[in-house]
Amino acid sequence: MTVESVRPTTPEVPELSVPPLAGGGVPGLGHGWNLVRDPLGFLTQLRDHGDLVRLKLGPKTVYAVTSPALVGTLLTSPGYQIGGPLWDTLDVLLGKGVATSNGQLHRRQRQTIQPEFRLDAIPKYTAVMVEEAQAFAERWKPGDTVDVTTEAFRIGVRVTARCFLQIGPIDELAERLSTALATVFGGMYRRMILSFGPFYRLPLPAHREFDRALAELHRLADEVIAERRASKEKPDDLLTALLEAKDENGETVNDQEVHDQVIAILTPGSETVGSQLMWILQLLAEHPEHATRLSEEVKSVIGDRPITFGDLRNLRHTNNVITEALRIRPAVWILTRQALAETELGGYRIPAGADIVYSPLAIQRDPRSYERNLEFDPDRWLPERSKDVPKYAMSPFSVGNRKCPADHFSMAELAIILATVVPKWRLENLPETDRNTRVGITLRPRRLLLRAVPR
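Residues numbered from 1 in each chain as written. Predicted model: local features only at pLDDT ≥ 70, side-chain atom pairs only at ≥ 80, totals over all residues. Heavy atoms only, no water.

Mind showing me how you'd approach helix H13 (residues 288-301) here?
Given 3.6 residues per turn, any residue in an α-helix points the same way as the ones three and four places further on. In a regular helix each residue adds 1.5 Å, so 14 residues correspond to 20 Å; H13 covers 20 Å between its end C-alpha atoms and thus fits that length. Those residues of H13 that sit buried are His 290, Ala 291, Leu 294, Ser 295, Glu 297 and Val 298. The buried residues of H13 occupy an angular sector of 160 degrees when projected down its axis, which confines them to one face. Set apart from the buried face of H13 by more than 90 degrees, the exposed residues are Glu 296 and Ser 300. Buried residues along H13 sit in contact with helix H12 (255-286), helix H14 (316-328) and helix H17 (407-421). Note on H13: the residue one or two positions beyond its end, Gly 303, has a positive phi of about 75 degrees. (Helix = DSSP H or I, 4+ residues; strand = E, 2+ residues; numbered from the N terminus. Expected span 1.5 Å × (residues − 1). Buried < 20%, exposed > 50% of the residue type's maximum accessible area, 1.4 Å probe, protein only. Arc of directions from axis to C-beta. Contact = heavy atoms within 4.5 Å.)

Looking at this structure, I do not really get the packing of H12 against H13. What am I missing?
When two helices pack together, their arrangement is given by the angle between the helix axes and by the axis-to-axis distance. Running from N to C, H12 and H13 point in directions that differ by 105 degrees, and their axes come no closer than 5 Å. Taken together, the axes of H12 and H13 lie roughly perpendicular to each other. Along its contact with H12, which presents Leu 284, Ala 285 and Glu 286, the element H13 presents Pro 288, His 290, Ala 291 and Leu 294. Taken together, the residues that form the contact of H12 with H13 break down as 5 nonpolar, 1 polar and 1 charged. (Axes fitted to C-alpha atoms, helices over the stretch in contact; angles between N-to-C directions. Parallel < 35°, antiparallel > 145°, perpendicular 65-115°, else oblique. Nonpolar A, V, L, I, M, F, W, Y, C, P; charged D, E, K, R; others polar.)

Hey, could you run me through the pattern of salt bridges in this one?
A side chain of one charge can pair with a side chain of the opposite charge when the charged atoms of the two come close. Using the criterion set out here, one finds 35 salt bridges in the structure. Across the pair Glu 172 and Arg 176 runs a salt bridge, and its minimum N-O distance is 4.0 Å. Taken together, the residues span about one helical turn, with Glu 172 and Arg 176 both in helix H8 (residues 171-193) at a distance of 4 residues. Under the relative-accessibility criterion, Glu 172 is labelled exposed at 57%. Notably, a salt bridge pairs Arg 176 with Glu 216, separated by 2.7 Å at the nearest N-O pair. In this pair, Arg 176 sits in helix H8 while Glu 216 sits in helix H10 (residues 205-231), placing the two residues 40 residues apart along the sequence. (Salt bridge = Lys/Arg side-chain N within 4 Å of Asp/Glu carboxyl O.)

Below you can see the structure in the form of structure tokens.
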């Protein structure tokens, strides 16, 4: 989800000033306390201090980018690589899959998985997506209270596992994986911001739960790999490609790399899509007029037959609803990079090895880029209006050589789920819903309960 990096030959950088320091730091913790207490509010208000701002996380200095133009520079320059607090945390806990690796390792891993994510490869996944979307919609009865927090996560896990790993009996694995991922992704953010290793080794209940969930996640990956090896089967899927991948010397890659790659496929494909689906269904419950328009569009384009991949391009309002939800309620809300050498960014000096952070949520809600920036308005993505959006002010899948490879897959999956569920059910808010945001490596509603009413 970032830019491919090579070590550049950087000319000598002239004497430059340092960016302004953000206010509100706490002695000893710096701005780490702000990022734990109110991370979304804190990152959003940083734009008031400039396009590039210094933060202190304990003794460490981190640089925060707050403007679309500088985000574009950060993501498209070869002077920055995957690194910083987020990726360091992911690397330690989840391993070196395609999301966290750099250089030659990343290029080779990307070449292995990329064919499965090309736009022309997506149609072969449609049958699984439609089947899971129909099962998702048919589990409910009129008047049911739907725990969307659980249901959305479950379908994200099931689609990812079935499409890329061709796992047969999926029910037990999906439940175990959903439970483990929810705990792991919830606990990883605090470890990213407050890197107090000894503290997390204390035998506290929350730490034990996190450790158990992380061990379960790795155990599940090993079980998937062992089952495929034992079967001797080689279906045309991503797991087969991973097991047959070669390293730079022409040797089959080792088991640890295959393991890390399976983790890299399962985690974002399940967590981010599931979290994003929660936000979309919540927004449609809050804005029933757009749910009605979406339902009418689907009936006009598709009628009563199952959706096909070819229908997706004609579901314009459906796609605009997804895009606007990605803008205003992105699951991926914080990303980090690392400077390879001393460089300049926004007219300021960036030291070699410096960590740089930016928030897609803050960038995509910037009032300088969007009128009525906090309003859910899918029509802002109509061609005549979207042309006014500044470059890099909307990049939920990132840009450049490290753009998320699953962008087309994720958009198709979300569109198929909506086109299956929304014409069948009107989802209404319930007072029992916990509207607070659960802040982890991704964002999602803490507990989203909706009532299912037949249309």
